[in-house]
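# Close look at the chain arrangement
Chain by chain, the residues:
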Amino acid sequence: EDGRIKSALGIGALLCDGLGDTIRVSLSEAPEAEIPVARKLVDYVLKREGHPYIPATEAPEFNYTHPSRRETVAVGNIGGDQLPVVISARLNNDLEVNEQFKPDYLYCGQRLPENRRTDIGYIVDACAWDGSEHTYPAFNYQQLIELHHHPAKMKFLFTSYLVKFLFTSYLGLNEEVMACLRLHPEVVIVAQSNHYNRLGEFRALAHQLMNQGLKNPLVFFQLYQETETEDLQIKSAADMGALIIDGLCDGILLYNHGNQISNLKVDETAFGILQAGRIRTSKTEYISCPGCGRTLYDLESTIARIKAATAHLKGLKIGIMGCIVNGPGEMADADYGYVGAGRGKISLYKKKECIEKNIPEEQAVEKLIELIRANGDYRD
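Presented here is an overview of the structure given in this document.

Thresholds applied
- Residues numbered from 1 in each chain as written.
- Predicted model: local features only at pLDDT ≥ 70, side-chain atom pairs only at ≥ 80, totals over all residues.
- Heavy atoms only, no water.
- Pairing = 2+ DSSP bridges.
- Helix = DSSP H or I, 4+ residues; strand = E, 2+ residues; numbered from the N terminus.
- Axes fitted to C-alpha atoms, helices over the stretch in contact; angles between N-to-C directions.
- Contact = heavy atoms within 4.5 Å.
- Expected span 1.5 Å × (residues − 1).
- Buried < 20%, exposed > 50% of the residue type's maximum accessible area, 1.4 Å probe, protein only.
- Salt bridge = Lys/Arg side-chain N within 4 Å of Asp/Glu carboxyl O.
- Polar contact = N/O pair within 3.5 Å; in protein donor to acceptor, adjacent residues only side chain to side chain.
- Arc of directions from axis to C-beta.
- Parallel < 35°, antiparallel > 145°, perpendicular 65-115°, else oblique.
- Left-handed = near helix turned anticlockwise from the far one by under 90°.
- Nonpolar A, V, L, I, M, F, W, Y, C, P; charged D, E, K, R; others polar.

### Re the sheet that holds strand β14 (residues 345-350)
- Read across the sheet, 5 strands follow the order β11-β12-β13-β14-β15 without closing on themselves; strand pairing throughout is mixed. In this open sheet, the two edge strands, each paired with only one partner strand, are β11 (285-288) and β15 (353-360). Adjacent strand axes in the sheet meet at a mean angle of 20 degrees when their direction is disregarded.
- Strand direction decides the pairing type here: β11 and strand β12 (residues 317-321), joined by 4 bridges, are parallel. Paired with I287 across the two strands is G319, which belongs to β12.
- Contacting β11, β12 and β13 (336-342), helix α9 (residues 299-310) crosses the sheet at an angle of about 165 degrees to β12.

Take a look at the structure:
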């Protein structure tokens, strides 16, 4: 799953900008598993070909080749220099969360749950907000006057309610909305696009905010209706890739309409996208090659064994490489490396330093764990 998200985010960002005419999706699986992923990614991006024109003016401070994060004010834990947040839509009152991929906020529509956690924020439609601690009101365009007079210190403006009323052209903010945002820096914008090229429309919105000097945090609401987790991963990662690389992302609200994919899996995908974009870490990072004729050990089963032993080590980067030829270079930023050294032999690395060579394959995973423990990076 990580490989699909990473590939779709990186390659998708290039394809969406019209770069590249051949792609290679690299998964640590059998080669035949890569072609369907590549095909889905290409087909999805090609659907936006010939899309309606998106009027936009590039912000003069934006540097396409050396992008930096868009300057925003910090609203609570959103924006500023803080990590991008994950908002999870729970309109079916299903409040279960996976502690490893725990959303920062749950959007609950018009119903505020009775039993609430203190480590999660709850976003509720303004008409249902009761001022409770850790709860925040959400507004739409028709509620701008109410937003203006509302006492909450943190507010969310959803563009997904009435898009046709909110915008003059595509996602271009009208004067009324911009005037409201100038008066209310405590408003977090949650933007949704129904355009064929949603990436282009989101970019246009972010650049309009920069051109207008508006520094409200911007969360991207990505809505899908998929039946397969793989399709959701590929499409959402492709749509978010360039937004993350451009430095425009203060948060993501990933929602899949229907019940074919669990909320927990959707949340995991959202966190996976942020990690693939190197802007928020929520789990162990694995850097692995797809394997080739020089890989003289079972790469797939080895990755599974290493993941089983280290998946709880949040923030750690482990490189798992098939051979000594490309391995050390491809895993250059890994904390630890597991590299094939010959038939049935493994070498272990700490950063770029080879610590032990030619370990028998059957002992190598345990030796890797010992190495991580010896450096104080392993916890039970």
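### Focus on helix α8 (residues 263-276)
- In a regular helix each residue adds 1.5 Å, so 14 residues correspond to 20 Å; α8 covers 20 Å between its end C-alpha atoms and thus fits that length.
- Within α8, 11 of the 14 residues are buried, which leaves it mostly tucked inside the rest of the structure.
- Residues of α8 that are buried include every one of N263, V266, D267, E268, T269, A270, F271, G272, I273, L274 and Q275, and no others.
- Just past α8, the residue R278 takes up positive phi, approximately 60 degrees.

### Details of the pattern of salt bridges
- Applying the stated criterion to the full structure yields 27 salt bridges.
- The salt bridge involving K6 is made with E285; its shortest N-O contact spans 2.9 Å. Of the two residues, K6 is situated in helix α1 (residues 2-16) and E285 in strand β11; the sequence distance between them amounts to 279 residues.
- Classification of E285 by relative accessible area gives buried; the value is 7%.
- Taken together, the shared-partner salt bridges connect R4, K40, E230 and D231 into one network.

### Details of the side chain of T284
- Checked against the element boundaries, T284 lands in the loop between α8 and β11.
- Looking at T284, the relative accessible area reads 2%, which means it is buried.
- A polar side-chain atom of T284 sits 2.7 Å from the main-chain carbonyl oxygen of T310.
- A polar side-chain atom of T284 sits 3.3 Å from the main-chain carbonyl oxygen of A311.

### Regarding the environment of G3
- Mapped onto the secondary structure, G3 falls in helix α1.
- Distance in space between the C-alpha atoms of G3 and Y286 is 9.2 Å, their sequence separation being 283 residues.

### Remarks on α9
- An ideal rise of 1.5 Å per residue puts 16 Å on 12 residues; α9 measures up with 16 Å between its terminal C-alpha atoms.
- Those residues of α9 that sit buried are L299, T302, I303, I306 and T310. On an axial view of α9, the arc spanned by its buried residues comes to 100 degrees, and they lie on one face.
- Where α9 is buried, its residues contact β11, β12, β13 and α11 (361-374).
- With a side-chain oxygen positioned 3.3 Å from the backbone nitrogen of E300, the residue opening α9 is D298.

### Points about the packing of α1 against α8
- At a closest axis distance of 9 Å, the pairing of α1 and α8 adopts a crossing angle of 55 degrees. Between α1 and α8, the interaxial angle falls into the category oblique. Seen along the crossing, α1 lies across α8 with a hand that is right-handed. On α8, the residues touching I5, K6 and L9 of α1 are T269, G272, I273 and A276.
- The class makeup of the residues in the contact of α1 with α8 is 4 nonpolar, 2 polar and 1 charged.

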